[in-house]
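# Structure at a glance
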Amino acid sequence: MPSPMFADHPAQQPPERGMVDALITRTRRLRGDVDAVRQDTSVGEEDPRGRWQLALCDLAVHQLDDLGAHLGQLKTGLPTEVHEEFPGHVPTDPSSRSLLSRVGSAEWNLLTDEVTWSDELYEIFGRTPEAGPLSLDELPSMLFAEDQVSLATMMTDCLVDGKAIDGEFRIVRTDESVRTLHMMGEPVLDADGCTASMWAVLRDVSELRRSQRAVRETRDSMQLQRHIAQTEHRVAVELQEAVLPPWRGSLRPPRPGPGALGLAAHYLPSATSALIGGDWYDALELPDGQMLLTVGDLTGHGVSATSTMAMLLGALRGMAVAGIRPGALLGHLNQLLEASTQPALASAICCRYDPATRLLTWAQAGHPAPLLFRDGTGRALTPPEGVLLGATSGAAYEQAEVQLRADDLLMLHTDGISHRGPAGDAGTGRLLELAPRFAEARGAQECVRLAVEEFGEAERENDACVLVARIGA
């Protein structure tokens, strides 16, 4: 602060004109660059990171504006004839709403009780020069009650102990608006070292503090959103792992024999690991010795999707154990999803395999058909009629039967296995091209590995799963 510690201390000389001109020019350019970044920052209603970035830009603009204003004040100490030539000159008219009007000065003379305020300080406090300045005793009357003690402490330290003042307080102006002021001051000592007066600069930092508060709040909001997302992701993963079969490799049914299945499955996460979806797969031996094979894909992501998937898969298992056939079973799942408190759509395949006859009975609800690989070639099974689960009330689902042979390979998959969006013919075609390699594979687990190698490195928008069943001799 340029204020003297002693009354007879000589004033500092103003800086050279060229140095101030260069600083003002650089500040103006930097301010323009920050403003351009601010304008390019797009903010959505559900974008806490964008709001945080915008708040940081606002804070930087406020600080650069303040820096420019202070440099402008330095400029006013230079010869007046250069003002018109310099494009960065900031007018000092107190009636303008420039940043200069947010900085004022005051001096309280303890010997004469004389108080001197700058025009800018009157504007900061919302007072007219006719009303006169406030004395040190009157100043606390405009402060928030909780700020009066801290101001009194700063005043005492300055006037009694000769300490510099550096603190903030809030005032309520006559128009009932609230301002946050930053006060810096020093005692002015006489020849005997006693305090003769107190000199201070008061700066209105209301906008700056609002910008800083906005940065903190948006940062805290972003951190909270991240914490919530991480928690939901962890819960979704735990729920998915609790519901899906614990096996990730081959599964040998507990009743081996002619026509028994060799099973393997794999879950493929999306490119964005945070998107835990509602894909499922399952293989379950039923009480009559037949096998339930199913895969499905529920719309949505996160805890909502995985919890609904858990509900559907639990219901599917229960109805299959009760002996309900695939077509009727999907009809019941459609009713269950329709009555759910969390509306959603799902595609699914439900298969019932009889090891004694190698007969596969299956139904589908808007899902990619199973792929059948035999003798080194592959094809998609012709799907029976069936709409998405939850799409329409009272939907009926037809069944189809396929006679399988020894060493046949059946693949069930969700459409997210392709690398960009729904698999369609392209994804199915790539799977069918693996037929010669599947024919040479030693078992279902190796076939799954080949499929994962083909699609595992792809950038999928959604998660996916694949289930392979090889028919035993």
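Up top is the structure.
Here's what I pulled together on the structure shown here. (Residues numbered from 1 in each chain as written. Predicted model: local features only at pLDDT ≥ 70, side-chain atom pairs only at ≥ 80, totals over all residues. Heavy atoms only, no water.)

The next subject is the overall build of the protein chain. A tally of helices and strands in the protein chain yields ten helices and 16 strands. The buried share among the 473 residues of the protein chain stands at 45%. (Helix = DSSP H or I, 4+ residues; strand = E, 2+ residues; numbered from the N terminus. Buried < 20%, exposed > 50% of the residue type's maximum accessible area, 1.4 Å probe, protein only.)

This next bit is on the pattern of salt bridges. Within this structure, the stated rule accounts for 15 salt bridges. Residues Arg173 and Asp175 are paired through a salt bridge, measuring 3.1 Å at the closest nitrogen-oxygen approach. A salt bridge links Arg442 to Glu446; its shortest N-O distance comes to 3.8 Å. Judged by its relative accessible area of 77%, Arg442 falls in the exposed class. (Salt bridge = Lys/Arg side-chain N within 4 Å of Asp/Glu carboxyl O.)

This brings us to the nonpolar core. Soluble globular proteins: nonpolar side chains tend toward being buried together. Leu261, Leu263, Leu293, Leu360, Trp362, Leu412 and Leu467 are the most contacted members of the largest nonpolar core, which has 27 residues in total. Mapped onto this core, the elements with two or more residues apiece are strand S7 (261-268), strand S8 (277-285), strand S9 (291-301), strand S10 (346-354), strand S11 (359-365), strand S14 (400-403), strand S15 (409-413) and strand S16 (464-471). For Leu293, the contacting residues outside a window of four places in its chain are Leu261, Leu263, Asp282, Ala283, Ile349, Cys350, Cys351, Leu410, Leu412, Leu467 and Ala469. Membership of the second largest hydrophobic core comes to 25 residues, among which are Ala106, Trp108, Met142 and Met183. (Core = buried A, V, L, I, M, F, W, Y, C linked by side-chain atoms within 4.5 Å. Contact = heavy atoms within 4.5 Å.)

To continue, consider helix H10 (residues 444-455). If you check H10, its first and last C-alpha atoms are 17 Å apart, about what twelve residues at 1.5 Å a residue would give, namely 16 Å. If you check which residues of H10 are buried, you get Ala444, Glu446, Cys447, Val448, Leu450, Ala451, Val452 and Phe455. (Expected span 1.5 Å × (residues − 1).)

Another aspect to go through is the packing of aromatic side chains. Enumeration over the complete set of coordinates arrives at three aromatic pairs. Ring plane angle 85° and centroid distance 4.9 Å describe the contact between Phe373 and Phe438, whose orientation is recorded as edge-to-face. Separated by 65 residues along the polypeptide, Phe373 in strand S12 (residues 371-374) and Phe438 in helix H9 (residues 435-440) bring together distant segments of the chain. The exposure classification of Phe373 matches that of Phe438, with both residues buried. What links up through ring pairs into an aromatic cluster is the set Trp117, Tyr122 and Phe125. (Phe/Tyr/Trp six-rings, centres within 6.5 Å; stacked < 30°, edge-to-face > 60°.)

A word on the sheet that holds strand S4 (residues 178-189). Picture the strands of a sheet paired through backbone hydrogen bonds; they go either parallel or antiparallel. One open sheet accounts for five strands, arranged S2-S1-S5-S4-S3; its pairing is antiparallel. Looking along the sheet, the strands with just one partner apiece sit at the ends: strand S2 (115-117) and strand S3 (165-172). Within this sheet the neighbouring strands show an average axis-to-axis angle of 25°, counted without direction. In this sheet, S4 lies alongside S3 in antiparallel orientation, the contact comprising eight bridges. Residue pairing across strands places Arg170 opposite Thr180, the latter belonging to S4. Here helix H4 (residues 145-161) sits on the sheet and contacts S3, S4 and strand S5 (195-204); the angle it forms with S3, its principal contact strand, is near 145°. (Pairing = 2+ DSSP bridges. Axes fitted to C-alpha atoms, helices over the stretch in contact; angles between N-to-C directions.)

Right, let's get into the sheet that holds S8. Read across the open sheet, the five strands follow the order S8-S9-S10-S11-S14; overall the sheet is antiparallel. Of all strands in the sheet, those bounded by a partner on one side alone are S8 and S14. The average angle at which neighbouring strand axes cross in this sheet is 15°, direction not considered. Bridge count for S8 against S9 is nine bridges, and the pairing is antiparallel. Within S9, the residue paired with Asp282 across the bridge is Thr294.

The next subject is the packing of helix H6 (residues 303-321) against helix H7 (residues 326-338). Here H6 crosses H7 at 145°, and the two axes come no closer than 10 Å. As for how H6 packs across H7, the hand of that crossing is right-handed. Where H6 approaches H7, its residues Thr308, Met311, Leu312, Ala315, Leu316, Met319 and Ala320 are matched on the opposing element by Leu329, His332, Leu333, Leu336 and Leu337. The residue makeup of the contact of H6 with H7, split by class, is ten nonpolar, two polar and no charged. (Left-handed = near helix turned anticlockwise from the far one by under 90°. Nonpolar A, V, L, I, M, F, W, Y, C, P; charged D, E, K, R; others polar.)

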